[in-house]
Amino acid sequence: MVERARRGKRRGKLLGSHQRCWIWGRHVVLETLRAGRWPVLELWLADRLSRDELDEAGELAAARGYPVTVAGSEQLVKRCRSHEHQGYVARMPPFPYDAPDALLAARPPRPLYVVLDRLHDPFNFGAILRCADALGVDGVFVDAVGQAEVSSQVARSSAGAVNHLRLAKAAGLVPLLGRLREVGVAVVAADEQAERALFDCNLRRPAAIVIGNEGTGIRQEVLAACDERVRIPQQGRVASLNAAISAGILLYEAARQRAPKW
């Protein structure tokens, strides 16, 4: 059972300013509670939720020692500044990224990774994480500089997938790609100018797929550190696909090649 009395707040660093340190929505908040990877500082639940909903979220929070408050819906709106909270709001610290070496140390025999070269749009970032989780990616690497951080927008657009993927922040992508190649991972860049079509690329082997910035694509020094480049064959008049759609197509093809029967 969830108590309606307020428990003590946790103190510490926040995900962002007062408004930006909250995630909200039933799916993303429950996935965050279930995963237990990203600790919750405060959980707020609307008193209009059913008893079963209150008990489910309250029990998940209690199992991890997270403080819970049940309040009127307007109190949740006051915190997240959105009427779309669905009765679930959580105050969050900064996201706990993995170290690249820790992620690589846990690699399976035939890993599939995604490397993001300084994406700026949090919705693209979140959508790529959602695709990566759905299509069996073993880890995502981002640059420590110039990359959108995991934020409330990223968490919500990933539908909570950010909690289930290993996400590492690297101090420079060129050294990271060199390290991937050293451990036998083929580095494949998504490049619309490439001669090789995606469907001619072997993605059954250990591979890392590099996705570039929404406006400028993959930087030249990063491209130079890749083993090969592939393009997505297209027939329409608009040749450019955005980063999230490109990632979805590339990862689906990798999953198709790796699946025993599809």
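It should be emphasised that the depicted structure is a prediction, and the values quoted were computed from it without experimental measurement.

**Some remarks on the pairing of strand β6 (residues 139-143)**
Part 1: By the criterion of burial, β6 is predominantly enclosed, with 5 of the 5 residues buried.
Part 2: The pairing of strand β5 (residues 112-116) with β6 spans 4 bridges and is parallel. Opposite L116, over in β6, you have V142 as the bridge partner.
Part 3: Read from β5 through helix α5 (residues 122-134) to β6, the crossover connection turns out right-handed.
Part 4: Across 4 bridges, the pairing between β6 and strand β7 (residues 167-170) is parallel. The residue bridging V140 from the neighbouring strand is L167, located in β7.
Part 5: The handedness of the β6 to β7 crossover, carried by helix α6 (residues 152-157), is right-handed.

**A few points about the packing of aromatic side chains**
Part 1: Evaluated as defined, the whole model comprises 3 aromatic pairs.
Part 2: With centroids separated by 5.3 Å and ring planes inclined at 85°, the aromatic side chains of F95 and Y97 adopt a geometry described as edge-to-face.
Part 3: Ring geometry for Y113 versus F141: centroids 5.3 Å apart, planes at 75°, classification edge-to-face. In this pair, Y113 is assigned in strand β5 and F141 in strand β6, connecting sequence segments 28 residues apart. F141 carries the same exposure label as Y113, and that label is buried.
Part 4: Here a set of aromatic residues connected by ring pairs shows up, and it is made of W38, F95 and Y97.
Part 5: One Lys or Arg, R79, reaches over the ring of W44 and ends 3.7 Å from the middle of that ring.
Part 6: The positively charged end of R156 is found above the aromatic ring belonging to W24, 4.0 Å away from the centroid.

**Some words on the sheet that holds strand β8 (residues 186-190)**
Part 1: Across the sheet, which stays open at both edges, the 6 strands sit in the order β7-β6-β5-β9-β8-β10 with parallel pairing between neighbours. The sheet is open, and its two edges are formed by β7 and β10 (228-230), each paired on a single side. On average, adjacent strands in this sheet sit at an angle of 25° to one another, irrespective of strand direction.
Part 2: This element, helix α9 (residues 243-258), spans β5, β8, β9 (207-211) and β10 of the sheet and lies at about 165° to β9.

So, how was this worked out
- Residues numbered from 1 in each chain as written.
- Predicted model: local features only at pLDDT ≥ 70, side-chain atom pairs only at ≥ 80, totals over all residues.
- Heavy atoms only, no water.
- Buried < 20%, exposed > 50% of the residue type's maximum accessible area, 1.4 Å probe, protein only.
- Helix = DSSP H or I, 4+ residues; strand = E, 2+ residues; numbered from the N terminus.
- Pairing = 2+ DSSP bridges.
- Right-handed = clockwise from strand over helix to strand, strands pointing away.
- Phe/Tyr/Trp six-rings, centres within 6.5 Å; stacked < 30°, edge-to-face > 60°.
- Lys NZ or Arg CZ within 6 Å of the ring centre and 35° of its normal.
- Axes fitted to C-alpha atoms, helices over the stretch in contact; angles between N-to-C directions.
- Contact = heavy atoms within 4.5 Å.

Honestly, that's just the spatial picture; any functional story needs more than this.
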